[in-house]
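Coordinate inspection notes
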Amino acid sequence: MNYCTANVSNELIKDILRFKEKELKESSVNDASGLIKRNSSISWIKDRTICQRVFSVIKDKAADFSNLYLDNIEPLQYSKYDTTQEYGWHQDLNNNPYDDGRIRKISFSIFLNNNFEGGEFDLEIYGPDANPRYISIWKRHSENCVIFNSDMWHRVRPVKSGVRESIVGWLLGPAIR
């Protein structure tokens, strides 16, 4: 298995959100054709102490399916998707390792609310030619987080009504190990 669902405590989520940048910035990504692949608003959570707390929680939960060496975390990203906003199929890998030789190995998304329509989080686990190709994951009563290998394809479908909020992040480790 290369993903799992888990619950991140409400106390930790409240602590994370206390450190998010107040101003949201429009975030869009276009694919090679120029079509919009992502449109949402984001801000960052850069506090090292809170990021390390999240690193510990996610690393422990990822140990159930991953034997990857993980030793760091990137700043966390708060994302907000309004009606019609989405993030098309993508992977979280970078083309090249960072200057310190680390790469993204584990990705996660913490679902903050469920009072919206659409905005499903789809994770491809069967391959692009399979039917179905993916599973849909959403905030459930006992699970509010999905953790997966960063090379897995995933997307956020367009929000139909309301506002979808999440915190996403990436655990790092050396490229070769």
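Please refer to the structure placed before this passage.
In short, a report on the structure. (Residues numbered from 1 in each chain as written. Predicted model: local features only at pLDDT ≥ 70, side-chain atom pairs only at ≥ 80, totals over all residues. Heavy atoms only, no water.)

1. A few points about the overall build of the protein
The helix and strand inventory of the protein stands at 2 helices and 14 strands. Expected size for 177 residues packed as a compact globule is a radius of gyration near 16 Å; at 16 Å, the protein falls within 12% of this value. Referenced to the eigenvectors of the C-alpha coordinate spread, the extents of the protein come out at roughly 40 × 40 × 35 Å. A sequence separation of at least 24 residues applies to 81% of the contacts in the protein between residues at least 6 apart. With an accessible surface of roughly 9,500 Å², the protein has 47% of that area assigned to carbon and sulfur atoms. (Helix = DSSP H or I, 4+ residues; strand = E, 2+ residues; numbered from the N terminus. Rg over C-alpha atoms; globule rule 2.2 N^0.38 Å. Contact = heavy atoms within 4.5 Å. Areas by Shrake-Rupley, 256 points an atom, 1.4 Å probe, with all protein chains shown as cover.)

2. Notes on the pattern of salt bridges
Summed over the entire model, instances satisfying the criterion amount to 11 salt bridges. Among the ionic pairs, glutamate 21 bridges to lysine 25, the shortest N-O distance being 4.0 Å. The exposure class assigned to glutamate 21 is partly exposed, which follows from its relative accessible area of 25%. Linked through salt bridges whose partners overlap, the residues forming this network are Glu120, Asp122, Arg155 and Arg157. (Salt bridge = Lys/Arg side-chain N within 4 Å of Asp/Glu carboxyl O. Buried < 20%, exposed > 50% of the residue type's maximum accessible area, 1.4 Å probe, protein only.)

3. Overview of helix 1 (residues 10-18)
Looking only at helix 1, the buried set comprises Leu12, Ile13, Asp15 and Ile16. Here the buried residues of helix 1 occupy an arc of 160 degrees about the axis, which is enough to place them on one side. Facing away from the buried side of helix 1 by more than 90 degrees, the exposed set consists of Asn10, Glu11, Lys14 and Arg18. (Arc of directions from axis to C-beta.)

4. Some points on the side chain of arginine 104
Here arginine 104 shows up in strand 7 (residues 102-111). A polar contact of 2.7 Å, which involves the side chain of arginine 104, links it to the side chain of glutamate 74. For arginine 104, the side chain forms a polar contact with the main-chain oxygen of aspartate 92, separated by 3.1 Å. Once residues within four sequence positions are removed from consideration, arginine 104 is found in contact with Glu74, Asp92, Leu93, Asn94, Tyr98, Ser150, Trp170, Leu171 and Leu172. (Polar contact = N/O pair within 3.5 Å; in protein donor to acceptor, adjacent residues only side chain to side chain.)

5. Regarding the packing of aromatic side chains
In the structure shown here, the tally under the stated rule is 3 aromatic pairs. Each ring, one from tryptophan 89 and one from tyrosine 134, has its centre 5.7 Å from the other, and the planes form 55 degrees; the classification is tilted. With tryptophan 89 in strand 6 (residues 86-90) and tyrosine 134 in strand 10 (residues 134-137), this residue pair connects regions lying 45 residues apart in the sequence. A residue is classified by how much of its surface remains accessible, and tryptophan 89, at 18% relative accessible area, is buried. Measuring from centroid to centroid gives 5.9 Å for phenylalanine 111 and phenylalanine 121, while their planes differ by 65 degrees, and the two rings are edge-to-face. One end of the pair, phenylalanine 111, is in strand 7; the other, phenylalanine 121, is in strand 9 (residues 121-124), with 10 residues separating them in the sequence. For phenylalanine 111, a relative accessible area of 5% gives the class buried. Three or more aromatic residues joined by ring pairs make a cluster, and in this case those are Phe111, Phe121 and Phe148. Across from the ring centre of tryptophan 170, 4.0 Å away, lies the NZ or CZ of arginine 104, which sits over that ring. When the ring centre of tyrosine 134 is taken as origin, the NZ or CZ atom of arginine 155, which lies over that ring, is 5.0 Å away. (Phe/Tyr/Trp six-rings, centres within 6.5 Å; stacked < 30°, edge-to-face > 60°. Lys NZ or Arg CZ within 6 Å of the ring centre and 35° of its normal.)

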